[in-house]
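A look at the structure
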Amino acid sequence: MAILSSNFHSKKLLLFLNISFLFLLSLFLKSSVFPHQSIQLNSLLPRRELIADGCAGLHDYSDYKSQCTYVKSQVGCEPKGYINYLRIFYCTCGQFPILGHSLLLLWLLVLFYLMGDTAANYFCSSLESLSRILKLPPTIAGITLLSLGNGASDVFASIVSFTRSNDGDVGLNSILGGAFFISSVVVGVISIFTSPQEISVDKHSFIRDALFFLSALLALVLILLIGKISLLGALLFVSIYFVYISAVSGSYFYQKRKERNMNHLYSEDEFAERGIPLLGYVDDEKPILIEIKNSSLQNQHHHEHDLSFSYYFLKLLNVLELPLYLPRRLTIPVVSEEKWSKTYAVISVTLAPLLLAAIYNTQREKHTGSRISLVTFMAAGVIAVILGNLAYVTTKNSSPPKNCLLPWLAGGFLMSVTWTYITAEELVSLLVSIGNILGISPSVLGLTVLAWGNSLGDLISNVAMAMNGGADGAQIAITGCYAGPMFNTLVGLGMSLVFSSASEYPAAYQIPKDPSLYETLAFLIGGLLWALVILPRKSMRLDRSLGCGLLAIYSCFLSLRVARALGILKLH
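None of these values were measured; they are calculated from a predicted model. Residue numbers here run from 1 along each chain, matching the order of that chain's written sequence. Thresholds applied to this predicted model are a pLDDT of at least 70 for local features of residues and 80 or more for the giving and counting of side-chain atom pairs; totals over whole chains, interfaces and linings are not thresholded and use all residues. Side-chain numbers come from the whole structure's heavy atoms, not from hydrogens or water.

1. What about the side chain of Ser496?
Only DSSP runs of H or I reaching four residues or more are called helices, and only runs of E reaching two or more are called strands; each is numbered from the N terminus. Take Ser496: it is sitting in helix α21 (residues 470–504). Taking the relative accessible area as the measure of exposure, Ser496 reaches 0% and is therefore buried. What qualifies as a polar contact is a pair of N or O atoms within 3.5 Å, subject to a donor-acceptor requirement within protein and to the restriction that residues adjacent in sequence count only when both atoms come from side chains. A distance of 2.8 Å separates a polar side-chain atom of Ser496 from the backbone oxygen of Gly492. Leaving out residues up to four positions away in the same chain, Ser496 has contacts with Ser158, Ile159 and Phe162. Between buried and exposed lies partly exposed: a residue is buried under 20% and exposed over 50% of the maximum accessible area for its type, with that area taken using a 1.4 Å probe on protein chains only. Note on definitions: a residue-residue contact is assigned when non-hydrogen atoms from the two residues lie within 4.5 Å.

In structure tokens form, the structure reads like this:
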């Protein structure tokens, strides 16, 4: 009954998100095809002045018609993504601001769901399969491919904020906010909930991960103090994570050889769980949230097939779930046993090149002409026909291909990255627009809303693993709480700096100036130092003193940021 109830509630959530998506899509089409007429900009302010001040003058007007005209005419108010949220809010919903806020909140939930579902159901699946094909040891896979899958949302949101939206402070704050939330709130909650069990964690693994993370944060502080970074400096920053990989791998192989020489009977899987940061296991709970959808689509059909009314009702529900599911299923190749479908496979490899061509033309619209766009679509069409025919000829209806899996997995990985990037781009654009509407800095929203949304899955899965997995589960959860944010900081933020500095090469990239970043880093480092001091003094046992201290540190930080956002405190 508990499983059926869980399936039922998850299906209701999916239906709510899909119906919201359809409603918002229809509203967007209405606002795009039938835009409202408004007065001309010249009757308000000179054109030069409006272009110069970005979108900062939006709140100088009190009536929605003037704000709508300002949004339509101001270059700085143009969307960073694909949808003009400011036009929808001020022009379409201008008379009903509550409706506008509700619509933006609904769309924010839809985007968070899309990002998390794509990462868990497609991205992680491709990475895990690639790990098996490449025969990577579990430790190496855990700190490379699987950690990339777990941190995909944060990584792509950071890259988008630096490269596409020109709001690098959003990326900086979202990465640091997520790292602070996981290393303080998640570790604190785990410590409090597991304190009655008196669980101890591996001292060597914890100190190694915490010190590497602390080194990465100190390197970031140095970069912010300098105020700029060259391409070489960005590459060196990313290379810290490769040093970490080398340290973990060396420790793993050394201990494995030592165990073999002592003739212990530990299997590789049992050994891998002894203090090794297997980030893939940390988020094993995440795909379960998504698999509920697949089980509800398949199992309920068989259980209630005898009842004709229920059967057709379930069919209707499945149709209503398609808007968010079908576009990705038709463009992301999937070759797993449980999800294999030759029809979907052929269609996905056919439509994937066309989707990439459409995205390329959209991104390069200001720099390419119609002839180049036509050539791009023609080339994509030829590739699509070739891949579609090859997939049709070389695959079977009964089972996925057994040979030449690498091209399939690489294609699934590429399209998963594409969908995650699109969603992250739209999510950052929405946060910037919400910041303009509320008069709040987008960096504050990145530090809170974006960081919390991307870290919610870590909170649920890590706490569940620590509570139900005993000592091994707590060990894996704690190591994931430090190794995961370190990956996001060094690789996610590091690759953002690499791309940004490469675009400015040979000149250095100027880091966005945000004095509050020093405050965030100070509290984050304080939380790490608190854990490094308390855990060894408590013989590496997770207890309430560690958890309450970490939660207190995060609460103080959050109170200061909220007070500053409300204007109660000012940072000079």
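2. Quick word on the confidence of the model for the protein chain
The pLDDT score gives, residue by residue, the confidence of the prediction method on a 0 to 100 scale. Predicted confidence across the protein chain gives a mean pLDDT of 75, with 71% of residues reaching 70 or more. For residues 1–5, every residue scores under 50 in pLDDT, and the model assigns this stretch zero contacts once sequence neighbours within four places are set aside.

3. Quick word on the packing of helix α11 (residues 231–261) against α21
Relative orientation of the contacting elements α11 and α21 amounts to 155 degrees, with a least axis distance of 8 Å. In terms of their interaxial angle, α11 and α21 are classed as roughly antiparallel. Handedness of the α11/α21 crossing: left-handed. Of α21, the residues touching α11 (which contributes Leu231, Ala234, Leu235, Phe237, Val238, Ile240, Tyr241 and Tyr244) are Ala483, Met486, Phe487, Thr489, Leu490, Val491, Gly494, Met495, Leu497, Val498, Ser501 and Ala502. For helices, the axis comes from a line fit to the C-alpha atoms of the stretch in contact; other axes are also lines fit to C-alpha atoms, and the angle between any two N-to-C directions lies between 0 and 180 degrees. Our angle categories are set so that under 35 degrees counts as roughly parallel, over 145 as roughly antiparallel, 65 to 115 as roughly perpendicular, and the remainder as oblique. Left-handed describes a crossing whose near helix is turned anticlockwise from the far helix by less than a right angle; the clockwise case is right-handed.

4. Structural notes on the environment of Ile434
Inspection of the secondary structure assignment puts Ile434 in helix α19 (residues 405–438). Residue classification places Ile434 among the buried residues on the basis of a relative accessible area of 15%. For the pair Ile434 and Tyr85, spaced 349 residues apart in sequence, the C-alpha separation works out to 8.3 Å. Each residue touching Ile434, except ones within four places of it in the same chain, is listed here: Leu104 and Leu445.

5. Description of the packing of helix α10 (residues 203–226) against α11
Between α10 and α11, the least distance of the axes is 10 Å, while the angle of their chain directions is 170 degrees. Compared by their axis directions, α10 and α11 come out roughly antiparallel. Facing α10, whose interface residues are His204, Arg208, Asp209, Phe212, Ala216, Ala219, Leu220 and Ile223, α11 presents Phe237, Ile240, Val243, Tyr244, Ala247, Val248 and Ser251. Side-chain classes follow a simple rule in which Ala, Val, Leu, Ile, Met, Phe, Trp, Tyr, Cys and Pro form the nonpolar group, Asp, Glu, Lys and Arg form the charged group, and the remainder, Gly included, forms the polar group. For the contact of α10 with α11, a count of residues per class yields eleven nonpolar, two polar and two charged.

6. Points about the state of the cysteines
Counting rule for disulfides: a pair of cysteine sulfur atoms within 2.5 Å. Under the criterion given, the structure shown has one disulfide. Between Cys68 and Cys91 runs a disulfide, and the two sulfur atoms are separated by 1.9 Å. Of note, the bridge from Cys68 to Cys91 carries an S-S torsion of about 105 degrees and is right-handed in sense. Of this pair, Cys68 sits in helix α3 (residues 64–73) while Cys91 sits in helix α4 (residues 85–92); the two residues are 23 residues apart in sequence, bridging distant segments of the chain. With a relative accessible area of 4%, Cys68 lands in the buried category.

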